[in-house]
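# What the coordinates show
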Amino acid sequence: MSDLDQLTQSLARNLKHWRGERKFTLDALAARSGVSRGMIIQIEQARTNPSVGTTVKLADALGVSITTLLDYEQGAQVRIVPPDQAVRMWSTSNGSYTTLLIGSESGGPLEMWAWRLMPGDQSASDPHPDGTTELLHVTAGALTLVVDGESYTVPAGTSATFEANVPHAYRNDGEEAAEMTMAVSVPPVR
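Starting afresh in each chain, residues are numbered from 1 along the sequence in its written order. Reporting in this predicted model follows two pLDDT cut-offs: at least 70 for local features of residues, and 80 or more for side-chain atom pairs to be given and counted; totals over whole chains, interfaces and linings ignore these cut-offs and use all residues. Hydrogens and water molecules were not included; the side-chain quantities draw on all heavy atoms of the structure.

### As for empty space enclosed by the protein
For each structure, a 1 Å grid was placed over the protein atoms alone; sets of points admitting a 1.4 Å probe that cannot get out are labelled cavities, open sets with protein on both sides within 12 Å along at least five of seven lines are labelled pockets, and lining residues have an atom within 4 Å of a point. Grid points are joined across faces, edges and corners, and a volume is the space filled by probe spheres set on the points. Enumeration according to the criterion identifies one cavity of 30 Å³ or more in this entry. Space inside the largest cavity adds up to approximately 30 Å³. The helix and strand labels rest on DSSP assignments: H or I over at least four residues marks a helix, E over at least two residues marks a strand, and numbering proceeds from the N terminus. Of all the secondary structure elements, the ones that give two or more residues to the lining of the largest cavity are strand E3 (110-117) and strand E10 (178-185). Of the residues in the lining of the largest cavity, the class split is six nonpolar, no polar and two charged. As a working rule, the residues Ala, Val, Leu, Ile, Met, Phe, Trp, Tyr, Cys and Pro are called nonpolar, Asp, Glu, Lys and Arg charged, and the rest polar, with Gly in that last group.

This is the structure in structure tokens:
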């Protein structure tokens, strides 16, 4: 089984599990996430590999991390994730990418990401649930962080944090690759 097949199977199994845990019908999850009922059915039947945006919307609606939806090995007190098991979630032909390094559910979903944005590339995000916080540290180049329509320049060596319940985007307006590490904390579903 290929890595993509394994990921698709894990997502199908975990989406069904967490929808059941939350006692959400297909219609309820569709309404909470903004993902169509038909798409949720296709994902739960492992008939499609959804976009990063769709996966984020489902995780947010369920109050779990993307790691929880994608993981196929869980349960240990200490979990070590080798580089070849980190999940590449988004990439461009220019060489930009995001990689989900690791995540945790204790105290609400918490995720750690590695990002690389090539000059001219950007990635936009829909608002996350109220209480979601993003923290980032730029390690190379300069990042243009756009939060609710306002742009901020975050150069290498600098960190930033913001409430992510508004539209936001990450952009590289510079001439060299921008790299950052980001943590996302999502409040648990009540």
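### Some words on the nonpolar core
In these notes, a set of buried Ala, Val, Leu, Ile, Met, Phe, Trp, Tyr and Cys residues joined through side-chain atoms within 4.5 Å is what counts as a nonpolar core. The cut-offs for exposure are 20% and 50% of the maximum accessible area for each residue type, with area from a 1.4 Å probe on protein chains only; residues under the lower value are buried, those over the upper are exposed, and the others partly exposed. Core analysis: the largest hydrophobic core is formed by 42 residues, its most contacted members being Leu 69, Leu 136, Leu 143, Leu 145 and Tyr 170. A total of five residues in this core trace back to one element, the largest contributor, which is helix H4 (residues 52-62). Any two residues whose heavy atoms approach within 4.5 Å at even a single point are treated as in contact. Those residues within four positions of Leu 145 in sequence are excluded, and the remaining contacts are Leu 136, Glu 150, Ser 151, Tyr 152, Val 154, Ala 160, Phe 162, Ala 169 and Tyr 170.

### Regarding the pattern of salt bridges
The salt bridge criterion pairs a side-chain nitrogen of Lys or Arg with a carboxyl oxygen of Asp or Glu, the two atoms within 4 Å. If you walk through the whole model with that rule in mind, you get five salt bridges. Between Asp 126 and Lys 57 there is a salt bridge, with its nearest N and O atoms 3.5 Å apart. Note that Asp 126 is positioned in the loop between strand E4 (122-125) and strand E5 (133-140) and Lys 57 in helix H4, a separation of 69 residues in sequence. Residue classification places Asp 126 among the partly exposed positions, given a relative accessible area of 45%. For the salt bridge of Arg 116 with Glu 179, the shortest nitrogen-to-oxygen distance reads 3.3 Å. Highlighted residues: Arg 116 in strand E3 and Glu 179 in strand E10, separated in sequence by 63 residues.

### Concerning the sheet that holds E10
Any two strands with at least two DSSP-identified bridges between them are counted as paired. The sheet built from six strands is open, its strands ordered E1-E2-E3-E10-E5-E8 with antiparallel pairing. The open sheet is flanked by strand E1 (87-91) and strand E8 (159-163), the only strands paired with a single partner. Taking the axes of each pair of neighbouring strands and ignoring which way they run, one obtains an average angle of 20° across the sheet. Looking at chain direction, E3 and E10 are connected through eight bridges and run antiparallel. Comment: axis = line fitted to C-alpha atoms, over the contacting stretch for helices; angle = value between 0 and 180 degrees taken between N-to-C directions.

### Considerations on the side chain of Ser 33
With respect to the secondary-structure elements, Ser 33 resides in helix H2 (residues 26-33). Ser 33 gets classed as buried once you look at its relative accessible area, which sits at 9%. At 3.1 Å, the side chain of Ser 33 and the backbone nitrogen of Val 35 are in polar contact. Here a polar contact is recorded for every N or O atom pair within 3.5 Å, except that within protein the pair must consist of a potential hydrogen donor and a potential acceptor, and residues adjacent in sequence are included only if both atoms are side-chain atoms.

### Things to note about the packing of H2 against H4
The interhelical angle for the contact between H2 and H4, taken along N-to-C directions, is 110°, at an axis separation of 9 Å. In terms of orientation, H2 lies roughly perpendicular with respect to H4. Taking contact as the criterion, the partners of Leu 29, Arg 32 and Ser 33 in H2 are, on H4, Lys 57, Leu 58, Ala 61 and Leu 62. Among the residues making up the contact of H2 with H4, the classes are represented as four nonpolar, one polar and two charged. For classification purposes, angles smaller than 35 degrees are called roughly parallel, those larger than 145 roughly antiparallel, those between 65 and 115 roughly perpendicular, and all remaining angles oblique.

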